[in-house]
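Next come the chains, spelled out residue by residue.
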Amino acid sequence: MIDVTPLEKSLGLTAFDVRAELSTPEYCQLYLQAAIEQDDGDGFFILDALRLIADVQGMTNTAAKAGLNRSALYKILDGKRGKRPSFAAIFRVIRALGFTLVPAPRTTLETNHHSP
């Protein structure tokens, strides 16, 4: 969670923790979908979304479902730029979180903003 500055507090703003919003499979799906749509191709947004969803569902539980230990799961979802987990590892985590990959054609808007 990001702390609120004194100025933000004086404006009546409060801290926002996305983990609190990831309380249902539907919200998790929408969050992951948004991360996929916003990702610029390096996978950072996707890994970050998977890490947050795994954190909400429980890292130990997610690791067990993926057939990993917690340490391996943390390494896969580290999110540091330059580190590239294998697709097989990411796919195991996606499945452990209760998702599947479904191919869908990109919309015209997406095609205009992203290179093929």
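None of the values given here were measured: they were computed from a predicted structure.

Now for the packing of helix α3 (residues 44-57) against helix α4 (residues 59-66). One can describe the packing of α3 onto α4 by two numbers: an axis separation of 6 Å at closest approach and a directional angle of 105°. One finds that α3 runs roughly perpendicular with respect to α4. Touching R51, A54, D55 and Q57 of α3 are M59, N61 and T62, all from α4. Classifying every residue of the contact of α3 with α4 by side-chain character gives two nonpolar, three polar and two charged.

Another aspect to go through is the side chain of T62. In this structure, T62 sits in helix α4. For T62, a relative accessible area of 0% puts it in the buried group. Not counting the four nearest positions on each side in its chain, T62 is found in contact with A54, Q57, L73, A96 and L97.

Before going further, it helps to spend a moment on the packing of helix α2 (residues 25-38) against α3. Where α2 contacts α3, the two axes come as close as 8 Å, and the packing angle between them is 165°. With respect to each other, α2 and α3 are oriented roughly antiparallel. Here α2 runs over α3; the crossing is right-handed. Contact residues: α2 offers C28, Y31, L32, A35, I36 and Q38, while α3 offers F45, I46, D48, A49, L50, L52 and I53.

Let us now look at the nonpolar core. Counting residues in hydrophobic clusters, the biggest one holds 22 residues, and the most contacted among them are L50, I53, L77, L97 and F99. Every element with two or more residues in this core is listed here: α2, α3, α4, α5 (70-76) and α6 (87-96). Per element, the largest residue contribution to this core is six residues, and it comes from α3. Beyond its immediate stretch of four places on either side in the chain, L77 contacts L47, L50, R51, A54 and V93.

Three or more residues of α4 are buried, namely M59, T62, A63 and A66. Taken end-on, α4 shows its buried residues confined to a sector of 100°, consistent with a single buried face. Of the exposed residues in α4, the ones pointing more than 90 degrees away from its buried face are A64 and K65. Tucked inside the fold, the buried residues of α4 contact α3, α5 and α6. After α4 finishes, the residue G67 shows a positive phi value of roughly 75°.

Turning to a nonpolar patch on the surface, a few remarks are in order. On the surface, L7, L11 and L13 cluster together to form a nonpolar patch covering roughly 330 Å² of accessible area. On the secondary structure map, L11 appears in the loop between α1 (6-10) and α2.

Among the residues of α6, A89, I90, V93, I94 and A96 are the ones counted as buried. Around the axis of α6, the buried residues are gathered within 165° of arc, so they sit on the same side. Looking at α6, the residues exposed on the side facing more than 90 degrees away from the buried face are F87, A88 and R95. Check the buried side of α6 and you find it contacts α3, α4 and α5. Taken from the residues just after α6, G98 is the one with a positive phi, measuring 95°.

What counts, and where the lines are drawn
Residues numbered from 1 in each chain as written. Predicted model: local features only at pLDDT ≥ 70, side-chain atom pairs only at ≥ 80, totals over all residues. Heavy atoms only, no water. Axes fitted to C-alpha atoms, helices over the stretch in contact; angles between N-to-C directions. Helix = DSSP H or I, 4+ residues; strand = E, 2+ residues; numbered from the N terminus. Parallel < 35°, antiparallel > 145°, perpendicular 65-115°, else oblique. Contact = heavy atoms within 4.5 Å. Nonpolar A, V, L, I, M, F, W, Y, C, P; charged D, E, K, R; others polar. Buried < 20%, exposed > 50% of the residue type's maximum accessible area, 1.4 Å probe, protein only. Left-handed = near helix turned anticlockwise from the far one by under 90°. Core = buried A, V, L, I, M, F, W, Y, C linked by side-chain atoms within 4.5 Å. Arc of directions from axis to C-beta. Patch = residues over 30% accessible without salt bridge, like charges linked within 9 Å, V, L, I, M, F, W, Y side chains within 5 Å. Areas by Shrake-Rupley, 256 points an atom, 1.4 Å probe, with all protein chains shown as cover. Salt bridge = Lys/Arg side-chain N within 4 Å of Asp/Glu carboxyl O.

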